[in-house]
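Remarks on the overall topology
Here is what each chain is made of, one letter per residue.
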Amino acid sequence: MSKTVSTPLSSGLSSPSRWLWLVALASLGWRFWMAAAIPLTGDEALFYWWARFLDYGYYDHPPMVAWWIAAMRPLLGDATWAVRMPAVLLPLGVGWAMWWAWSPIDRNRAAWAVLLYWLTPVNWLNALIATDSPLILWAAWSAAAMVRAEYKTQQAGDRGQSASGLYVLSGLFMGLAFLSKYFAVLLGVAFAVYFAVFKPKHWRGFVWMALAALPGVAVNLIWNLNHCWTNIMFNLFNRNEDAVFSVDKPLTYVVMMAYLISPVGLWLAVRHRQALWQTLRSHTLLACIAIVPLLCFGLMSGKKVIGLHWVMGFYPFLFVLMAWMLPAGQLTRAAKGLAVFLALHLVVVAGVTQTRLDQWQWFKHYHRLVEAARSVQIVQQAQAPGTVLMATAYSSASLYGYAAGHHVPVFGMGSVHARQDDLIVDYALLNGQTLRIIVDRPPVAADYQPYFEQVRVLDLKQDGVPFYVLEGQHFRYDVYREQVMGRINRQYYRFPSWLPVQGCAFCQHYCGANRCEP
């Protein structure tokens, strides 16, 4: 941000306040309808179970999404729409942050920025709760407090002292963002670039921000210290073991960003490229928080497929950039173009809602649709008195548990993702019991025979999709411990010997210590 930010930019520009209220209410209603109508996904069901086993950290992510869901449960219950309520309200909180940040600079353009952001399809169609949801909110508020701090500092004559409270507020929000998802670090990188390159005289502001963020970092480190460093090991190593360079990954990222910016935004950016460049030069803080994280994702895209949800924490700032870039007469045109782009999406979604589940049998992942939409019926067919219901995949187990009303553990290796059962399930307590394991592919009974005295396979069908129940009588925990848990220990709990460890639930279950030999 430079001193030019205080210069009025909206001479002759009217505020779209009436449209803001209309779009806010209409999008809120649409998201609420989607939150109630769409079955819970496997990831969302997993986060629901995190909230049921409330903690200050989890195997593969920090805890904020679970805290949000846990806060909803006493107020709204366990309905699907209640689990998703934070995501339903999320764009309103982000819009408020955008307005609070930039309205002192230019009220009308700040209002246009919020309107343009609210008109994007993703803010109408995404009613799903995810780890990114709290990151989006806290990143927006951290950036907003930083913008206010820098504006106040410049108004005070570059002394950098009168805004210390706002820098601290930015850091507190940064800490909350870090407790949501590690990608919050990219916003910190954007701040660092801004202070190092454009405002080195304001370095005290960055220090205040960083110090205020430390409690959030400390919470995460303490949890990892007491949980075998699983969270950090997963995000830095386990999930990246198969990352290899591929030319199509950066191309996919570019296409995804082009879609998110929309054809309207791309056309206006090209047409007004000189104004865009001038805006980037004049509003350096905005340029850093809008561009630096996305460039970091671009560098990562050489080896990793960048998910659409990954960039959502930094997506809103592109529309602030658009609102400041465009001439006054073009903002209405941008809003109308985005409204048309949005309407096309809503028409498609409305059409999809008129179809029946069985009309999607051609879809490659039809069995996943059935699993999510008919989990209650599948559980009713699979469970039996005196048996323990289980599944072989974490998403499936989470969905079946949500449908059954009780936690459903995972049997077997599972996957590299979402291994929370390693920390909360003591399989020794299942010794001697009869297990019923739901699988979506024909199980080979011989593969399960070592773990039970007797095995049989039951067939069931739901909406044209075959499912199977592997019933194993008298579970042999000692064999399971040696063959399955031993492999899990070697594959997922090889944390460096120099790391101090104060606790490790899995290792305690497996070998009775906080660190087990491979």
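Residues numbered from 1 in each chain as written. Predicted model: local features only at pLDDT ≥ 70, side-chain atom pairs only at ≥ 80, totals over all residues. Heavy atoms only, no water.

Next up on the list: the overall build of the protein chain. Counting its secondary structure elements, the protein chain contains 24 helices and four strands. The C-alpha radius of gyration computed for the protein chain amounts to 25 Å, which stays within 12% of the reference 24 Å derived for 518 residues, consistent with globular compactness. In terms of its C-alpha atoms, the protein chain occupies a principal-axis envelope of roughly 80 × 55 × 50 Å. In the protein chain, the proportion of contacts linking residues at least 24 apart, taken out of those at least 6 apart, comes to 75%. (Helix = DSSP H or I, 4+ residues; strand = E, 2+ residues; numbered from the N terminus. Rg over C-alpha atoms; globule rule 2.2 N^0.38 Å. Contact = heavy atoms within 4.5 Å.)

Another aspect to go through is the nonpolar core. Residues Trp102, Phe297, Val311, Phe411 and Tyr493 are the most contacted members of the largest nonpolar core, which totals 180 residues. No other element matches helix 8 (residues 132-155), which puts 13 residues into this core. Residue contacts for tryptophan 102: discarding those within four places in its chain leaves Ala110, Val147, Leu286, Ile289, Phe317, Val320 and Trp324. (Core = buried A, V, L, I, M, F, W, Y, C linked by side-chain atoms within 4.5 Å. Buried < 20%, exposed > 50% of the residue type's maximum accessible area, 1.4 Å probe, protein only.)

Right, let's get into the pairing of strand 1 (residues 387-391). Within strand 1, four of the five residues are buried, which leaves it mostly tucked inside the rest of the structure. Pairing of strand 1 with strand 2 (residues 434-439) involves five bridges; the strand directions are parallel. Its bridge partner being in strand 2, alanine 391 is matched across the sheet by isoleucine 438. (Pairing = 2+ DSSP bridges.)

Turning next to the packing of aromatic side chains. Each aromatic ring pair is specified by the distance between its two centres and by the angle formed by the two planes. Inspection of every chain in the model, using the stated rule, returns 40 aromatic pairs. With a centroid separation of 5.1 Å and 80° between ring planes, the pair formed by phenylalanine 183 and phenylalanine 297 is classed as edge-to-face. Of the two residues, phenylalanine 183 is situated in the loop between helix 9 (164-178) and helix 10 (184-198) and phenylalanine 297 in helix 15 (residues 284-300); the sequence distance between them amounts to 114 residues. Just as phenylalanine 183 is buried, phenylalanine 297 falls in that class too. Seen in terms of ring centroids, tryptophan 360 and phenylalanine 363 are 6.4 Å apart; in terms of plane orientation they differ by 85°. Their pairing is edge-to-face. Among the aromatic residues, those joined into a cluster by ring pairs are Phe411, Tyr427, Tyr448, Tyr451, Phe452, Phe475 and Tyr480. Over the face of the ring belonging to tyrosine 510 we find arginine 481, whose NZ or CZ atom lies 4.5 Å from the ring centre. (Phe/Tyr/Trp six-rings, centres within 6.5 Å; stacked < 30°, edge-to-face > 60°. Lys NZ or Arg CZ within 6 Å of the ring centre and 35° of its normal.)

So, about the sheet that holds strand 3 (residues 452-462). Across the sheet, four strands lie side by side as 1-2-4-3; this open sheet has mixed pairing. Looking along the sheet, the strands with just one partner apiece sit at the ends: strand 1 and strand 3. Recorded for the sheet is a direction-independent mean angle of 25° between the axes of neighbouring strands. In the sheet, strand 2 pairs with strand 4 (residues 465-475) via five bridges, with the strands oriented antiparallel. If you follow isoleucine 438 over to strand 4, its bridge partner there is valine 469. Each of strand 3 and strand 4 is contacted by helix 18 (residues 366-373), which is oriented at about 65° to strand 4, the strand it contacts most. (Axes fitted to C-alpha atoms, helices over the stretch in contact; angles between N-to-C directions.)

Checked against the element boundaries, serine 142 lands in helix 8. For serine 142, a relative accessible area of 0% puts it in the buried group. Look past the residues within four positions of serine 142 in its chain and what remains in contact with it is Ser170, Phe173, Met174, Leu187 and Phe191.

Let's shift gears to the pattern of salt bridges. A pair can form between side chains of opposite charge whenever their charged atoms are brought close. Applying the stated criterion to the full structure yields 11 salt bridges. The closest approach of N and O atoms between aspartate 422 and arginine 419, which form a salt bridge, is 2.9 Å. Arginine 419 shares its class with aspartate 422; the two are buried. Put simply, Arg368, Glu371, Asp440 and Arg441 are held in one network by salt bridges that share partners. (Salt bridge = Lys/Arg side-chain N within 4 Å of Asp/Glu carboxyl O.)

In short, geometric facts, not functional conclusions.
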